[in-house]
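As a plain string of letters, each chain reads:
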Amino acid sequence: MDAVPETADSLPDTAESFPRVADALVNTATEDGIVSRLQDMVLQTADSQDFFKEFAVFSASMLAPAGGDVHCNVTVVRRKRPVTVASSTPRARIMDELQYAHGDGPCLLAMRTGKTVYVGDVTNERRWPEYVRAVAAQGVRSILGVPLQLEGDATAALNIYSSAVRGFSPEDIVRAEVFCEQSSKTLRLELRMGQLKDAKEDLEAAMKSRTAIDVAVGVIMAQNRCSQSAAMAILRTASNSRNIKLRDVAAGVIESVSPDPALRTHFDE
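All of these numbers come straight from a predicted model, not from anything done at the bench.

Some points on the pattern of salt bridges
Under the counting rule described, the total for this entry stands at four salt bridges. The partner of R127 in a salt bridge is E125, with the nearest N and O atoms 2.9 Å apart. Since its relative accessible area comes to 31%, R127 is described here as partly exposed. Relative accessible area serves as the criterion here: at 3%, E125 is assigned to the buried category. Its salt-bridge partner being R175, residue D172 comes within 2.7 Å of it at the nearest N-O pair. One end of the pair, D172, and the other, R175, are both in helix α8 (residues 170-224), three residues apart, so they sit about a helical turn from each other. Overall, D172 belongs to the buried group, its relative accessible area being 11%. Assessed through its relative accessible area of 24%, R175 is described here as partly exposed.

See below:
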């Protein structure tokens, strides 16, 4: 079996280079219940932040080479900027922050290209000299970046750091690729659930804000014996003159007349 190259440019398509290993590891991944474990994490974690934290720790435990250990990060591009959404250890997060600070590196390259990037020995890597010097100073000797397939324009990667030179064998790389392939569907589900939750929370906030404004308008109409549009104009004028958000002015009006200013909407559970 050919040795795995140390630079990202010459990394072969490992799943094609080692088909027997890949097939065996696909079966092993299924037998080990990776997908089942990921589904359990979706059901058992409170939110996306907890899920991705569990996923990073689980990834580090599953992908550590025999007799060694690794540090894992999950990076997602949000608003065109890479963000580390979870880390298996604080040290892992530092490695990603160094990469962002230097503007590029193997894991960012993996996200851009959608291909696995492996640096077997950071001291031999020439394309990111400042970055590799920085991570070497932190005790990292080899890096593996594996893309995670999401939906649409969303991109993500699992970033794996080892303190050993050539810390990942060809089999380790295939295992990481298979693991990420197995994980991607669950990650897409978690992200979609998170988006739906965010949309629900945004809608609830908007409805509560609207309710407060409507109630405040009613109070002003009663106090000033004016029309709804006139009451709304009074509320807006107060908001603009005080440089306070309209909903906050409305809350103040309600508090001035009600001993219990708490409001409920039809969206309250």
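Describing the nonpolar core
With 31 residues, the main nonpolar core has F55, V74, L144, L158 and I160 as its most contacted residues. Looking at this core, the elements with two or more residues in it are α3 (34-44), α4 (48-63), β1 (70-78), β2 (81-87), β4 (142-149), β5 (155-162) and α8. Considering each element in turn, this core owes the most residues, seven residues, to α4. Excluding anything up to four places from it in sequence, I160 contacts L63, V70, H71, C72, S142, I143, L144, F168 and A176.

Focus on the sheet that holds strand β3 (residues 117-119)
In a beta sheet, neighbouring strands pair by backbone hydrogen bonds and run either parallel or antiparallel. The five strands are arranged β2-β1-β5-β4-β3 in an open sheet whose pairing can be described as antiparallel. Only two strands of the sheet have a single neighbouring strand rather than two, namely β2 and β3. When strand polarity is set aside, the average angle formed by the axes of neighbouring strands in this sheet is 20°. Where β1 meets β2, six bridges bridge the pair, whose relative direction is antiparallel.

Some words on the environment of F51
As for its position among the elements, F51 is in helix α4. Residue classification places F51 among the buried residues on the basis of a relative accessible area of 0%.

Details of α4
For α4, spanning 16 residues, the distance from its first C-alpha to its last is 22 Å, which sits close to the expected 22 Å at 1.5 Å a residue. Regarding α4, the residues found buried are F51, F52, F55, A56, F58, S59, A60 and L63.

Some details on the packing of helix α9 (residues 228-242) against helix α10 (residues 246-257)
Interaxial distance between α9 and α10 falls to 9 Å at its minimum, and their mutual angle equals 110°. When the axis of α9 is compared with that of α10, the two are roughly perpendicular. The handedness of the crossing between α9 and α10 is right-handed. Together, M232, L235, R236, A238 and S239 of α9 and L246, V249, A250 and V253 of α10 make up the contact between the two elements.

Here's the deal with unusual backbone geometry
Backbone geometry at R225 places phi at a positive 50°, although glycine is not the residue there. For N243, which is not a glycine, the phi torsion comes out positive at approximately 55°. Following the sequence through the fold, N243 ends up in the loop between α9 and α10.

About the criteria used
- Per chain, the residues get numbers from 1 upward, laid out in the order the sequence is written.
- Local features are withheld for residues below a pLDDT of 70 in this predicted model, meaning they are given only at 70 or higher, and side-chain atom pairs are given and counted only at 80 or more; totals for whole chains, interfaces and linings count all residues.
- Derived side-chain values reflect all non-hydrogen atoms in the structure, with water molecules and hydrogen atoms excluded from consideration.
- The term salt bridge refers to a side-chain nitrogen of Lys or Arg lying within 4 Å of a carboxyl oxygen of Asp or Glu.
- Exposure classes here rest on a 1.4 Å probe applied to the protein chains alone. A residue is buried below 20% of its type maximum, exposed above 50%, and partly exposed in between.
- Counting from the N terminus, the helices are DSSP H or I runs at least four residues long and the strands are E runs at least two residues long.
- Residues grouped as a nonpolar core are buried Ala, Val, Leu, Ile, Met, Phe, Trp, Tyr and Cys residues, joined through side-chain atoms within 4.5 Å.
- Two residues form a contact once any of their heavy atoms are found within 4.5 Å.
- At least two bridges found by DSSP between two strands is the condition for calling them paired.
- Throughout, an axis means a line fitted to C-alpha atoms (over the contacting stretch in the case of helices), and angles, computed between N-to-C directions, take values from 0 to 180 degrees.
- Multiplying one less than the number of residues by 1.5 Å gives the expected span of a helix.
- Any angle from 65 to 115 degrees is called roughly perpendicular, while one under 35 is roughly parallel, one over 145 is roughly antiparallel, and all others are oblique.
- Two helices that cross are described as forming a left-handed crossing if the nearer one is turned anticlockwise from the farther one by less than a right angle, and a right-handed crossing if clockwise.

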